[in-house]
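This is what each chain is made of:
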Amino acid sequence: PPRAMWALRALCLAGLGAVLGGGSADQCSWRGSGLSQEAGSVEQLSLHCAEGSLEWLYPTGALRLRLAPRLPPTSANLEGRSPQHVTACVKPSGTFRGAQLYLEREGMLELLLPEAPRPRVHCFSWLPQEKVALFLQATPHPDISRRIAAFRYELRGDWLARPALPPATIATEGVCRPCNDTEILMAICTSDFVIRGSIRSVSNDAELQESIIGVSASRIHRQKFPLFQAGGRPAGSIRTPLRCGVKPGPGTFLFTGWLHFGEAWLSCAPRYRDFQRIYEGARRSHQNPCEFPAD
């Protein structure tokens, strides 16, 4: 396509030194303006965090963002292995305008976000030895004064066997099936949150293709972020793809999962009595990957 060819030509310009520094950055985020760039130039960026943001005001030319995260420990580290792949997710702002975002993989470009995309999360994975980058190309407009291309990103190493990813991603095969015993045991060790509680409500968002599970927590075993607020009986919400068909029902569950862009996403949620049986069996055979208070 013509736009992809333009992007590749711009990428070649970057290799010839057509690079400008026109923004402010730390190790996690970057904010800059296209007004400081020359037409046809490509600014090279490199961010080194597992999450952050990019905000490009008045886009002109192009940006190339190298993905080089220092990843936190994952399930792979528990087994003494190096991550087999890396997964990244990007979420455009609701006012994303003036550019298109491509995934550059081994010199090939794949469109991730068109101009004015819907504010949904998009995810992709790659092997550690692959060379990948995000390539943000400005789209020509007579008036760029009202255009800002901004998005947030998250990167992680190996997900569990059942990745807790939003429904608009490329890696949701089998996400609705129940977790097996091994997946449950790994989930309690590595998840961002482990909450014992009950389902108090389920609401569906047809536009985002998400179900929001209202959870009343009887015990917060772990939460890396304050998802469940205290006060009486803590309550919070957890998301899952709409196609999973979650229904409210009685009983106590052990909810586990990951945080994506400030929202909790479900991974495994066994009934608590089933989890107790699985964990006790693994403990007796010394196959539990971590200690857990299964009272």
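See the structure printed just above.
Anyway, here's the lowdown on the structure attached to this text. A quick note: this is a predicted structure, and the numbers were derived from the prediction, not measured.

### A closer look at the nonpolar core
L54, W56, L134, L136 and F151 are the most contacted members of the largest nonpolar core, which totals 28 residues. In this structure L136 touches L54, W56, G61, A62, L63, F96, A99, Q100, L101, A149 and F151, once residues within four positions along its chain are discounted. Residues V194, C268, Y279 and A282 belong to the second largest nonpolar core, which totals 15 residues.

### Brief notes about helix α3 (residues 181-190)
An α-helix turns once every 3.6 residues. As a result, residues three or four positions apart point the same way. In terms of burial, α3 is largely enclosed, as eight of its ten residues are buried. N-cap assignment for α3: the residue whose side-chain oxygen lies 3.2 Å from the backbone N of T182 is N180.

### Some details on the sheet that holds strand β10 (residues 132-138)
In spatial order, the strands read β3-β5-β10-β7-β8; together these five strands make up an open sheet with mixed pairing. Edge strands, defined here as strands with exactly one partner in the open sheet, are β3 (42-47) and β8 (108-113). For this sheet, the mean angle separating the axes of adjacent strands, direction not counted, is 25°. Of the strand pairs in this sheet, β3 and strand β5 (residues 62-67) are connected by six bridges, and their pairing is parallel.

### Overview of the side chain of S33
When you line up the elements, S33 lands in strand β2 (residues 30-33). S33 gets classed as buried once you look at its relative accessible area, which sits at 18%. At 3.0 Å, the side chain of S33 and the backbone nitrogen of L35 are in polar contact.

### Examining unusual backbone geometry
Of note in the backbone geometry, E106 takes a positive phi value of approximately 50° without being a glycine. Residue E106 is classed as partly exposed on the basis of its relative accessible area, which comes to 48%. With a phi close to 50°, F261 is a non-glycine residue in the positive phi region. Note that F261 resides in the loop between β15 (253-260) and β16 (263-266). Taking the relative accessible area as the measure of exposure, F261 reaches 6% and is therefore buried.

### Concerning helix α4 (residues 272-284)
An ideal rise of 1.5 Å per residue puts 18 Å on 13 residues; α4 measures up with 18 Å between its terminal C-alpha atoms. Among the residues making up α4, those that are buried are Y272, F275, I278, Y279 and A282. All buried residues of α4 lie within an arc of 120° about the axis, which places them on one face of the element. Pointing more than 90 degrees away from the buried face of α4 are the exposed residues R273, R277 and R284. Each element contacted by the buried residues of α4 is listed here: α3, β12 (193-205) and β15. Positive backbone phi, approximately 55°, marks H286, located one or two places after α4.

The rules behind each value
- Residues numbered from 1 in each chain as written.
- Predicted model: local features only at pLDDT ≥ 70, side-chain atom pairs only at ≥ 80, totals over all residues.
- Heavy atoms only, no water.
- Core = buried A, V, L, I, M, F, W, Y, C linked by side-chain atoms within 4.5 Å.
- Buried < 20%, exposed > 50% of the residue type's maximum accessible area, 1.4 Å probe, protein only.
- Contact = heavy atoms within 4.5 Å.
- Helix = DSSP H or I, 4+ residues; strand = E, 2+ residues; numbered from the N terminus.
- Polar contact = N/O pair within 3.5 Å; in protein donor to acceptor, adjacent residues only side chain to side chain.
- Pairing = 2+ DSSP bridges.
- Axes fitted to C-alpha atoms, helices over the stretch in contact; angles between N-to-C directions.
- Expected span 1.5 Å × (residues − 1).
- Arc of directions from axis to C-beta.

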